[in-house]
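# Summary of structural features
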Amino acid sequence: MKKVIVLMLMFSLCHSGPGNDDNICPFGGSASCCNICPTNMEQRITSLETMLENAEKEVQELRRLTQVTPCQVSNLLFLIFSGTPRVAFSAALPGSGNTGPFTTATPLTYKKVFSNTGNCYNPSTGIFTATVSGMYFFRFSMFNNMTPAPNSVVSLMKNSERLTSVWDTAATDIHDSGSNAVVISLKVGDNVYVQLEPNRAVYDDGMHYNTFSGFLLFPM
């Protein structure tokens, strides 16, 4: 391809006027300029190839200088949005004793609120509602203390979609706990909550074993 470009340039430059006088500069100038212009075809081709290579290097350098990686974009967005908005919450089940069982799937209401920056979590419903589109982190824990056998299943929900679960339905002991976490993208209006599955129960005794927490990683 480079050879083709060079030859095209040579053909355009070799039109040196009537009679193709060797004393006329083939680059379109006067005869006096030939002291700085190649007079040999091979030299001309070499010179043009060098010019083309230098131009290609300059183009590559410009591309390198203007190239932006996805990581750089993310960092730039973080700098732009740093400090605002701020969304984070953490809450636990209140009181002592069992919660459940219920005949239908039921959102757990974590009414002991440790923090609720941005007021996106509603302790009356147990539901987190996104007011900022972005990437979020959520974690929840589960504890049971039942006899004669544990019977606990809870799930993290995004709207009506089950994301992940923790369960304990068969064991020889009666003190079990578990947790799970996700990183997910949310749009404004999306709801996230922990669901107690039908005919299941969890236990707390005021030590706040059952928790639900989340925060915004970065807007999108």
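This text goes with the structure placed above it.
Attention in this report is confined to the structure presented alongside it.

Calculation rules
- Every chain's residues receive numbers from 1 upward, in the order its sequence appears when written.
- The predicted nature of this model means local features are confined to residues of pLDDT at least 70 and side-chain atom pairs, given and counted, to a pLDDT of 80 or more, with totals for whole chains, interfaces and linings taken over all residues.
- Think of the side-chain values as coming from all heavy atoms in the structure, minus any hydrogens and water.
- Numbering of helices and strands runs from the N terminus; a helix is a DSSP stretch of H or I covering at least four residues, while a strand is a stretch of E covering at least two.
- In what follows, residue pairs with any heavy atoms lying within 4.5 Å of each other are defined as contacts.
- Pairs of N or O atoms are called polar contacts if they sit within 3.5 Å, as long as, within protein, a hydrogen donor faces a hydrogen acceptor (for residues adjacent in sequence, only side-chain-to-side-chain pairs).
- Each residue is assigned to one of three classes by its accessible area relative to the maximum for its type, calculated with a 1.4 Å probe on protein chains only: buried under 20%, partly exposed between the two thresholds, exposed over 50%.
- Strand pairing is assigned whenever DSSP identifies at least 2 bridges connecting the two strands.
- For this analysis, a nonpolar core means a set of buried residues of the types Ala, Val, Leu, Ile, Met, Phe, Trp, Tyr and Cys, connected via side-chain atoms within 4.5 Å.
- Here the aromatic set is Phe, Tyr and Trp, taking the six-membered ring for Trp, and pairing holds for ring centres within 6.5 Å; pairs whose planes are under 30 degrees apart are stacked, those over 60 apart are edge-to-face, and all others are tilted.
- Angular values range over 0 to 180 degrees, each being the angle between N-to-C directions of two axes fitted as lines to C-alpha atoms, with helices fitted over their stretch in contact.

With that settled, the discussion passes to the environment of S133. Its place among the elements puts S133 in the loop between β6 (127–129) and β7 (134–144). Taking C-alpha positions, S133 is 8.7 Å from G189, a pair spaced 56 residues apart along the chain. Other than its neighbours up to four places away in sequence, S133 contacts L186, K187, V188, P219 and M220. Of note is the side chain of S133, whose polar atom sits 3.2 Å from the backbone nitrogen of V188.

We now examine the pairing of strand β8 (residues 152–158). For β8, a buried count of seven out of seven residues is recorded, marking the element as mostly surrounded by other parts of the structure. Of the two faces of β8, both are covered, the one formed by S152, V154, L156 and K158 as well as the one formed by V153, S155 and M157. Here β8 runs beside strand β9 (residues 161–168); their pairing, made up of seven bridges, is antiparallel. Directly across from V153, in β9, lies its bridge partner W167. Counting the residues that bridge the hairpin from β8 to β9 gives two residues, and of these N159 lies at a positive phi of roughly 55°.

Moving on, we come to the nonpolar core. Counting 27 residues, the largest nonpolar core has F128, Y136, F138, V154 and F212 as the members making the most contacts within it. Contributing elements (two or more residues each) for this core: β1 (88–92), β7, β8, β10 (176–186), β11 (191–196) and β13 (211–219). Take this core: its biggest share by element is four residues, from β7. Among residues more than four places away in sequence, those in contact with V154 are L108, F140, M142, T164, S165, V166, V194, Q195, L196 and V202.

Moving on to the packing of aromatic side chains. On inspection of all chains with the given rule, the structure shows 13 aromatic pairs. Each ring, one from F128 and one from Y136, has its centre 5.7 Å from the other, and the planes form 65°; the classification is edge-to-face. Classification of F128 as buried rests on a relative accessible area of 2%. For the ring pair F138 and F212, a centre distance of 6.2 Å and an interplane angle of 25° mean the geometry is stacked.

Our next topic: the sheet that holds β10. Judged by pairing direction, the sheet is antiparallel, and its five strands sit side by side in the order β4-β1-β13-β7-β10 without closing on themselves. Edge positions in the sheet fall to β4 (112–117) and β10, since each has one partner strand and no second. Neighbour-to-neighbour, the strand axes of the sheet open up by a mean angle of 10°, direction not taken into account. Pairing analysis gives five bridges linking β1 to β13, with the strands arranged antiparallel. Bridge pairing in β13 links A91 to F212.

Now for the environment of M207. Examined against the element boundaries, M207 turns out to sit in the loop between β12 (202–205) and β13. When the C-alpha positions of M207 and S96 are compared, they lie 8.5 Å apart, and in sequence the two are 111 residues distant.

Along the chain, E197 falls in the loop between β11 and β12. When neighbours within four sequence positions are excluded, E197 is seen to be in contact with A105, V153, S155 and R162.

This part is about unusual backbone geometry. Cis geometry marks the peptide bond from G100 to P101, where omega comes out at 5°. In this structure, N119 takes a positive phi of about 55° despite not being glycine. Looking at the element boundaries, N119 is found in the loop between β4 and β5 (121–122). Since its relative accessible area comes to 65%, N119 is described here as exposed.

Everything listed is a geometric property; what it means functionally is a separate question.
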